[in-house]
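# Examining the three-dimensional arrangement
Listed here are the chains, written in short residue letters.
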Amino acid sequence: MAVMKIKAKKQVNFALPMVERQLVLPLLMTIIGKENFVGAKNDTVNFKVTDGSVAFARDYDFRGRTGPIVLDDIYQQGGNFPVRLNKHVYSATGLEDEHMTLDEVDFAREVLAPQATAVADKIEAAALAAVRASTSIKHKVTFGNDVDPHLVATEAKRLMDSEKVAPLSGRVFVVGNDIAAHFRASDRLARYDSSASTGALRDAVIGQLAGSPVVEHNGLKPNEGYYLHGTSFILGNAAPVVPRGVTAGQTGISQHGIAMRWIADYDANYLRDRSVVSTFWGIGEIRDERTPNGDWIVEEGEFDAEELAVMKNRDGSAVVPVAAGTRKNVRVVRLDYTGTPSVLGP
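Summary of the structure given here. (Residues numbered from 1 in each chain as written. Predicted model: local features only at pLDDT ≥ 70, side-chain atom pairs only at ≥ 80, totals over all residues. Heavy atoms only, no water.)

This brings us to the overall build of the protein. Scanning the protein from N- to C-terminus turns up six helices and 14 strands. Across the 346 residues of the protein, 42% fall into the buried class. Pairs at least 24 apart in sequence give 74% of the contacts found in the protein among residues at least 6 apart. Surface summary for the protein: the accessible area is close to 19400 Å², and the carbon and sulfur share equals 53%. (Helix = DSSP H or I, 4+ residues; strand = E, 2+ residues; numbered from the N terminus. Buried < 20%, exposed > 50% of the residue type's maximum accessible area, 1.4 Å probe, protein only. Contact = heavy atoms within 4.5 Å. Areas by Shrake-Rupley, 256 points an atom, 1.4 Å probe, with all protein chains shown as cover.)

Printed below as a string of structure tokens:
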């Protein structure tokens, strides 16, 4: 059966509250929807990050002319980052006739809501795993419980600022329980107005450091954390269409920012209803590190010869691709806490 119910005594409907992992990480990423993937080759969208057009400025004579001005071409700089829909997550259950007839099942609350949460939770865990598994994150801050959280935040911000890539707005600290406790124990953690946030994200914000909100995430390891911008990873997501053969269904339903599809039909072989919630998704990493003078680092195979011909560095020199995988993700900084778990000391 899909919903296991206790029926011995029908007196008090009581349940102990449980700690659920906050489904917030997808809300801290850039999500691109179904409309971007329709008709895309290999179900892949190339997410283009660009600095726009690059022009050149020259000095010219003042009070007197010795020659004509020079007309320069305007070139492009940028990079392509593929995001592919390559995963299909679902939650399916069956409800037998006896179940629906005798057990007073609240379908929306006891069936559909848990299924949608399970799918969102699966994507949350996978998105977190993608961040954790990345070998392209350039910067890391290691600190113990003797280090002022304000200095930790300031150093993380300094490292991200030094790359001159990620915008100042849209940055956030996502931290595990031990780091959150270390931050809370400090009077340097400022109050953050989270009224503009909704749901789990609002509840997970514990304060502000270095101008960015601090989010406690139960899915992280206690000593693990990240200082990231919302464009450090791109989450592709599309709810499948409702097939014509089902008896009921809806597409585009959202759970914690994730679009999903719900379908239901009747399985006459086993005399039961079937409820299925599913979605397509994929994730891509934005690795747009620049050179010290601000030029894009272009990797081999990223652009063809025709595209490279209209790209130049800021000094007018030709763009020379480097080996694939060289460029780093500078829109996120790892945080590694080496202190004691308890704020009370050893």
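Two strands in a sheet stick together by hydrogen bonds in their backbones, pointing the same way (parallel) or opposite ways (antiparallel). If you walk across this open sheet you meet the six strands as β5-β14-β9-β6-β8-β7, and the pairing is mixed. In this open sheet, the two strands that pair with only one neighbour each are β5 (137-143) and β7 (205-209). Neighbour-to-neighbour, the strand axes of this sheet turn through a mean angle of 25 degrees, independent of strand direction. Where strand β6 (residues 171-175) meets strand β9 (residues 224-229), five bridges bridge the pair, whose relative direction is antiparallel. (Pairing = 2+ DSSP bridges. Axes fitted to C-alpha atoms, helices over the stretch in contact; angles between N-to-C directions.)

Below, the discussion takes up the side chain of Gln 115. Note on placement: Gln 115 falls in helix α2 (residues 107-133). A relative accessible area of 5% places Gln 115 in the buried class. There is a polar contact of 2.6 Å between the side chain of Gln 115 and the side chain of Ser 275. Setting aside its immediate chain neighbours within four residues, Gln 115 contacts Ser 91, Ala 92, Thr 93, Ser 275, Val 276 and Val 277. (Polar contact = N/O pair within 3.5 Å; in protein donor to acceptor, adjacent residues only side chain to side chain.)

The topology assignment puts Asp 336 in strand β14 (residues 329-337). For the pair Asp 336 and Gly 225, spaced 111 residues apart in sequence, the C-alpha separation works out to 6.5 Å. Setting aside anything within four residues of it in sequence, one finds Asp 336 in contact with Lys 140, Val 141, Thr 142, Phe 143 and Asn 223.

Turning to a nonpolar patch on the surface, a few remarks are in order. Judged by side-chain polarity, Tyr 60, Ile 69 and Leu 71 come together as a nonpolar surface patch covering roughly 370 Å² of accessible area. Take Leu 71: it is sitting in the loop between β2 (44-54) and β3 (75-84). (Patch = residues over 30% accessible without salt bridge, like charges linked within 9 Å, V, L, I, M, F, W, Y side chains within 5 Å. Salt bridge = Lys/Arg side-chain N within 4 Å of Asp/Glu carboxyl O.)

What follows is about the pattern of salt bridges. According to the stated counting rule, one finds 17 salt bridges in the structure shown. Close ionic contact of Asp 106 with Arg 109 constitutes a salt bridge, the shortest N to O distance being 3.5 Å. The exposure class of Asp 106 is partly exposed, given its relative accessible area of 34%. On the accessibility criterion, Arg 109 (51% relative accessible area) is exposed. Arg 287 serves as the salt-bridge partner of Glu 299, at 2.9 Å between the closest nitrogen and oxygen.

Quick look at the packing of aromatic side chains now. Ring pairs (aromatic) are described by centroid distance and by the angle formed between their planes. Under the definition given, this model contains four aromatic pairs. Linked through ring pairs, Phe 143, Phe 183 and Tyr 337 together constitute an aromatic cluster. Taking the ring centre of Tyr 270 as reference, the NZ or CZ of Arg 272 above it sits at 4.7 Å. (Phe/Tyr/Trp six-rings, centres within 6.5 Å; stacked < 30°, edge-to-face > 60°. Lys NZ or Arg CZ within 6 Å of the ring centre and 35° of its normal.)

With that settled, consider the pairing of strand β12 (residues 258-267). Of all 10 residues making up β12, eight are buried, and the element is well covered by its neighbours. As paired elements, β12 and strand β13 (residues 272-285) share seven bridges and run antiparallel to each other. The partner of Tyr 266 across the bridge, within β13, is Asp 273.

Turning next to helix α3 (residues 149-162). Taking 1.5 Å of rise per residue, 14 residues should cover 20 Å, and α3 covers 20 Å from first to last C-alpha, within 8% of that figure. Looking at the buried positions of α3, the neighbouring elements they touch are β5, β6, α4 (177-184), β7, β9 and β14. Its side-chain oxygen at 2.9 Å from the backbone nitrogen of His 150, Asp 148 defines the N-terminal cap of α3. Lys 164 occupies a position one or two residues after α3 and carries a positive phi of about 55 degrees. (Expected span 1.5 Å × (residues − 1).)

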